[in-house]
Amino acid sequence: QVQLEESGGGLVKTGGSLTLSCTATAGAFEANRMGWFRQAPGREREFIGCVTWGGDVEFYLESVKGRFTISRDNGKNTMYLQMSSLKPEDTAVYYCAKSLAGRGINEADYRDWGQGTQVTVSS
């Protein structure tokens, strides 16, 4: 079983940028899709998007398209979420997760989760 750890969160002003990392501290990504999610206080978790082993990215959250980029380094078992033009509504806890083999287009496909990292965007 993989253990995932997110890092890179923090406080940033509107319009700023942050890059989050997700690293496997135990186990490995293998060939599974890796996904980014977020949850704001009082709201349901949102599926931001995922990246395949080969680097193909699919975004599911319309509000971040054009502002967020997902990538992964398989050799380092690390995935990244580059966020730019941040808005106060991007404030949330951001989670990474590993999908079941051969799946990953639905949130229910993800079983291994990190603890999350807080991103706060001030206005």
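Residues numbered from 1 in each chain as written. Predicted model: local features only at pLDDT ≥ 70, side-chain atom pairs only at ≥ 80, totals over all residues. Heavy atoms only, no water.

### Here we look at the pairing of strand β7 (residues 68-73)
Covered by surrounding structure in β7 are Phe68, Ile70 and Arg72 only, the residues Thr69, Ser71 and Asp73 on the alternate face being uncovered. Sheet analysis places β7 next to strand β8 (residues 78-83), joined by six bridges and oriented antiparallel. Counted as the bridge partner of Ser71 is Tyr80 from β8. Counted along the chain from β7 to the antiparallel partner β8, the turn is four residues long, and its residue Asn77 has a positive phi close to 50 degrees. (Buried < 20%, exposed > 50% of the residue type's maximum accessible area, 1.4 Å probe, protein only. Helix = DSSP H or I, 4+ residues; strand = E, 2+ residues; numbered from the N terminus. Pairing = 2+ DSSP bridges.)

### Quick look at the sheet that holds β8
Across the sheet, four strands lie side by side as β1-β3-β8-β7; this open sheet has antiparallel pairing. Unpaired on one side and paired on the other, β1 (3-7) and β7 mark the two borders of the sheet. Strand-to-strand, the axes of this sheet are offset by a mean angle of 20 degrees, without reference to chain direction. Two elements, strand β3 (residues 18-26) and β8, share six bridges in a ladder whose sense is antiparallel. The partner of Leu20 across the bridge, within β8, is Leu81. (Axes fitted to C-alpha atoms, helices over the stretch in contact; angles between N-to-C directions.)

### Topic: the state of the cysteines
Counted by the stated rule, this structure contains one disulfide. The side chain of Cys22 participates in a disulfide bridge whose partner is Cys96; the two sulfur atoms lie 2.1 Å from each other. Disulfide Cys22-Cys96: the torsion about the S-S bond is 70 degrees, which places it as right-handed. One end of the pair, Cys22, is in strand β3; the other, Cys96, is in strand β9 (residues 92-99), with 74 residues separating them in the sequence. Both residues of the pair, Cys22 and Cys96, belong to the buried class. (Disulfide = S-S within 2.5 Å.)

### Considering the nonpolar core
Counting residues in each nonpolar core, the largest one holds 26 residues, and the members touching the most others are Trp36, Met79, Leu81, Met83 and Tyr94. For this core, the elements supplying multiple residues, two or more each, are β3, β4 (34-39), β5 (46-51), β7, β8, β9 and β11 (117-122). It is β3 that contributes the most residues to this core, four residues altogether. Residues in contact with Tyr94, not counting those within four places in the same chain, are Glu6, Leu20, Phe37, Arg38, Ile48, Phe68, Leu81, Met83, Gly116, Thr117 and Val119. (Core = buried A, V, L, I, M, F, W, Y, C linked by side-chain atoms within 4.5 Å. Contact = heavy atoms within 4.5 Å.)

### What about the packing of aromatic side chains?
Scanning the entire structure with this criterion turns up five aromatic pairs. Pairing Phe37 with Trp113 gives two aromatic rings, centres 4.6 Å apart and planes at 50 degrees, and the pair type is tilted. In this pair, Phe37 is assigned in strand β4 and Trp113 in strand β10 (residues 110-113), connecting sequence segments 76 residues apart. On the basis of relative accessible area, Trp113 is assigned to the partly exposed category, the value being 24%. Taking 4.7 Å as the distance between ring centres and 40 degrees as the angle between the ring planes, the aromatic pair formed by Phe47 and Tyr60 counts as tilted. A residue pair is termed long-range when its members are at least 10 positions apart, and Phe47 in strand β5 and Tyr60 in the loop between β6 (57-59) and β7 qualify at 13 residues. Given the relative accessible area of 11%, Phe47 is considered buried. Ring-pair connections join several aromatic residues into one group, and the members of that group are Phe37, Phe47, Tyr60, Tyr110 and Trp113. Over the ring of Trp113 we find Arg45, and its NZ or CZ is 3.9 Å from the ring centre. (Phe/Tyr/Trp six-rings, centres within 6.5 Å; stacked < 30°, edge-to-face > 60°. Lys NZ or Arg CZ within 6 Å of the ring centre and 35° of its normal.)

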